[in-house]
Each structure stands twice: as structure tokens, then as C-alpha cells.
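Each chain, letter by letter, is given below.
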Amino acid sequence: MITIAAFGIGLLLSAIHFGGLWLTVRRLPRCEQPRLFFWSSYLGRYGITLWGFAQIISYGPLPFISAFLGFYVLRTYALANYCGIGILEFVKVKRPEWK
């Protein structure tokens, strides 16, 4: 049961981390102090992510692996769908066509 909850927490941590990155990239050109905004966003995102994983690792290695898998799954899904590559094209292997 804790491994399922850890997977969900990994999804949440990934959404916070990469959602914050997306917001940072979108707002950075309009900032009055871009360096301060970039570094505060960077430290905030990584601080929340590392704090979340530190809390999960106290429950053992299996919940940690489950949370990391949730983090990785959402990251891969977001890359495949929001970076110009469809999910099927992301994993498809090109084969030569027969004529």
C-alpha cells in the first residue's frame, strides 16, 4: 500500500518540479530580475523534490524506487507529449520499408 502511495507522490513531485520549470521558462523573459527569479525557482524546485525523496526514503528502498519510477514516468510522458514528439513516435523503432 505504501508503494502505491509512493508512486503517486513521485508523480506529484514530478509535476511540481517540471511544472515549475515550465512556468520559469515562460515567465523568465518578462522578469525585472531574471537571475534572482531563475535561482530562486531552481533552488525551490530542487529543494521540494529532494525533500520529498528524503521523506520517502525513510520508509525503505521499495517505496523510494516506486516514487522514483513515478517521477520518471511523468517526466517521460511530459517530454514525449509536450516537446514535439508523440508518445508512440518516442518509442518507435525505425525499420526499413520493403518495396
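Up top is the structure.
As the structure is a prediction and not an experimental result, all values here were calculated from the model.

## Some points on the layout of surface pockets
Okay, step 1: Volume-wise, the largest pocket comes out at about 260 Å³.
Okay, step 2: As for the largest pocket, its lining consists of 12 residues, of which Phe18, Leu21, Trp22, Ala78 and Leu79 are closest to the centre.
Okay, step 3: When residues of the lining of the largest pocket are traced back to their parent elements, those giving at least two are α1 (2-27) and α3 (61-82).
Okay, step 4: The residue inventory of the lining of the largest pocket, partitioned by class, reads nine nonpolar, two polar and one charged.
Okay, step 5: In this structure, the second largest pocket spans a volume of roughly 180 Å³.
Okay, step 6: For the second largest pocket, the lining is made up of 13 residues, of which Ile9, Leu13, Gly52, Gln55 and Ile56 are closest to its centre.
Okay, step 7: The set of elements that each furnish at least two residues to the lining of the second largest pocket consists of α1 and α2 (34-57).

## Focus: the packing of α1 against α3
Okay, step 1: For the pair α1 and α3, interaxial distance at closest approach is 7 Å and the crossing angle is 40°. If you check the angle between α1 and α3, you find them oblique. Considering the relative orientation of α1 and α3, their crossing is right-handed. Contacts between α1 and α3 involve Ile2, Thr3, Ala6, Phe7, Gly10, Leu11, Leu13, Ser14, Ala15, His17 and Phe18 from the first element and Leu62, Pro63, Ser66, Ala67, Leu69, Gly70, Phe71, Leu74 and Arg75 from the second.
Okay, step 2: Looking at the contact of α1 with α3, its residues break down into 13 nonpolar, six polar and one charged.

## Details of a nonpolar patch on the surface
Okay, step 1: There is a patch of nonpolar side chains on the surface, built from Phe38, Trp39, Tyr42, Leu43, Tyr46 and Leu50 and spanning about 620 Å² of accessible area.
Okay, step 2: Within the element layout of this structure, tryptophan 39 appears in helix α2.

## A few points about the nonpolar core
Okay, step 1: Counting residues in each nonpolar core, the largest one holds six residues, listed as Ala6, Leu13, Phe53, Ile56, Ala67 and Phe71.
Okay, step 2: At the level of elements, α1, α2 and α3 are the ones that each hand at least two residues to this core.
Okay, step 3: Each residue touching leucine 13, except ones within four places of it in the same chain, is listed here: Ile48, Thr49, Gly52, Phe53, Ile56 and Phe71.

## Considerations on α2
Okay, step 1: Between its first and last C-alpha, α2 extends 34 Å over 24 residues, near the 34 Å set by a 1.5 Å rise per residue.
Okay, step 2: Of all the residues in α2, the buried ones are Ser41, Arg45, Thr49, Gly52, Phe53 and Ile56.
Okay, step 3: Turning to α2, the residues buried within the fold contact α1 and α3.

## A short note on the environment of isoleucine 16
Okay, step 1: On the secondary structure map, isoleucine 16 appears in helix α1.
Okay, step 2: Here isoleucine 16 falls in the partly exposed class, since its relative accessible area comes to 35%.
Okay, step 3: Sequence separation between isoleucine 16 and arginine 45 is 29 residues, and the spatial gap between their C-alpha atoms is 7.3 Å.

The rules we used
- Residues numbered from 1 in each chain as written.
- Predicted model: local features only at pLDDT ≥ 70, side-chain atom pairs only at ≥ 80, totals over all residues.
- Heavy atoms only, no water.
- 1 Å grid on protein atoms, 1.4 Å probe; cavity = no way out; pocket = protein on both sides within 12 Å on 5 of 7 lines; lining within 4 Å.
- Points joined across faces, edges and corners; volume = space filled by probe spheres on them.
- Helix = DSSP H or I, 4+ residues; strand = E, 2+ residues; numbered from the N terminus.
- Nonpolar A, V, L, I, M, F, W, Y, C, P; charged D, E, K, R; others polar.
- Axes fitted to C-alpha atoms, helices over the stretch in contact; angles between N-to-C directions.
- Parallel < 35°, antiparallel > 145°, perpendicular 65-115°, else oblique.
- Left-handed = near helix turned anticlockwise from the far one by under 90°.
- Contact = heavy atoms within 4.5 Å.
- Patch = residues over 30% accessible without salt bridge, like charges linked within 9 Å, V, L, I, M, F, W, Y side chains within 5 Å.
- Areas by Shrake-Rupley, 256 points an atom, 1.4 Å probe, with all protein chains shown as cover.
- Salt bridge = Lys/Arg side-chain N within 4 Å of Asp/Glu carboxyl O.
- Core = buried A, V, L, I, M, F, W, Y, C linked by side-chain atoms within 4.5 Å.
- Buried < 20%, exposed > 50% of the residue type's maximum accessible area, 1.4 Å probe, protein only.
- Expected span 1.5 Å × (residues − 1).

Interpretation in functional terms is not warranted from these geometric data alone.
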